[in-house]
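# Structural features, examined
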Amino acid sequence: MQKPVKHSGKRRHGRELAVQFLYQLDLATDDPADALRYFWQTQEDVPDGTRQFAEELIRGVLANRAAVDEKISKYTEHWELSRIAAVDRNILRLAIFEMLFREDIPPVVSINEAVEIAKKFSTRESGAFVNGILDKIKFDLPRPARTATPTK
């Protein structure tokens, strides 16, 4: 995977960092906490806000991975989770986590970000693949797709 380009948008950069970490962790058997400490040692000049957002996403995906993977399996009929390219699998994990558990982020934002990250880090076809899966999930969500859910 290539290193993310410096972005003015801390959230895109944070998502790219989260995908990179999840990808690395997916291919290794490291303890997640140790792997995360090492990951941050290899990342230079990441602003605090970007790092905090990336960590929220990483920890959220790891804590809810079973539920997220269940959604992926449900919507990728005839595809075993292990057969999905590791980059695409982790982009899906991140976006689905946001769609299910981050009500402060509109689902369409999660989808658009995932598609753009897939185009950047994976194959030419990955953007369409990721979009197709996430679009199906969007229709089953119990909240509006274009707005964040107001906090209480």
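Our structure's up above, just so we're on the same page.
Residues numbered from 1 in each chain as written. Predicted model: local features only at pLDDT ≥ 70, side-chain atom pairs only at ≥ 80, totals over all residues. Heavy atoms only, no water.

## Quick look at unusual backbone geometry
Not every positive phi belongs to a glycine, and Asp-45 is a case in point at roughly 60°. By the element assignment, Asp-45 lies in the loop between helix H2 (32-42) and helix H3 (48-63). Notably, His-78 is not glycine yet its phi reads approximately 65°, a positive angle. As for its position among the elements, His-78 is in the loop between helix H4 (65-75) and helix H5 (86-101). (Helix = DSSP H or I, 4+ residues; strand = E, 2+ residues; numbered from the N terminus.)

## Quick word on the packing of aromatic side chains
Using the criterion set out here, one finds four aromatic pairs in the structure. Taken together, a centroid distance of 6.5 Å and an interplanar angle of 55° make the contact between Trp-79 and Phe-129 tilted. Of this pair, Trp-79 sits in the loop between H4 and H5 while Phe-129 is found in helix H7 (residues 126-138), placing the two residues 50 residues apart along the sequence. Here the aromatic cluster, defined as three or more aromatic residues joined through ring pairs, consists of Phe-21, Phe-39 and Trp-40. The ring of Trp-79 carries Arg-83 above its face, with NZ or CZ at 4.6 Å from the centroid. The aromatic ring of Phe-139 is capped on one face by Lys-138, whose charged end is 4.8 Å from the ring centroid. (Phe/Tyr/Trp six-rings, centres within 6.5 Å; stacked < 30°, edge-to-face > 60°. Lys NZ or Arg CZ within 6 Å of the ring centre and 35° of its normal.)

## Some details on the side chain of Lys-138
As for its position among the elements, Lys-138 is in helix H7. In this structure, Lys-138 is in contact with Met-99, Val-108, Ile-111 and Ala-145, ignoring residues within four places of it in sequence. (Contact = heavy atoms within 4.5 Å.)

## Thoughts on the environment of Gly-132
Considering the arrangement of structural elements, one finds Gly-132 in helix H7. The exposure class of Gly-132 is partly exposed, given its relative accessible area of 30%. Distance in space between the C-alpha atoms of Gly-132 and Val-115 is 9.7 Å, their sequence separation being 17 residues. (Buried < 20%, exposed > 50% of the residue type's maximum accessible area, 1.4 Å probe, protein only.)

## What to know about the packing of helix H1 (residues 10-26) against H3
With their axes 8 Å apart at the nearest point, H1 and H3 run at an angle of 45° to one another. Judged on the interaxial angle alone, H3 and H1 are oblique. Note that H1 runs across H3; the crossing there is right-handed. Between H1 and H3, the contacting residues are Lys-10, Arg-11, His-13, Gly-14, Arg-15, Leu-17, Ala-18, Phe-21, Leu-22 and Leu-25 on the first element and Gly-49, Thr-50, Phe-53, Ala-54, Leu-57, Ile-58, Val-61 and Leu-62 on the second. Taken together, the residues of the contact of H1 with H3 sort by class into 11 nonpolar, four polar and three charged. (Axes fitted to C-alpha atoms, helices over the stretch in contact; angles between N-to-C directions. Parallel < 35°, antiparallel > 145°, perpendicular 65-115°, else oblique. Left-handed = near helix turned anticlockwise from the far one by under 90°. Nonpolar A, V, L, I, M, F, W, Y, C, P; charged D, E, K, R; others polar.)

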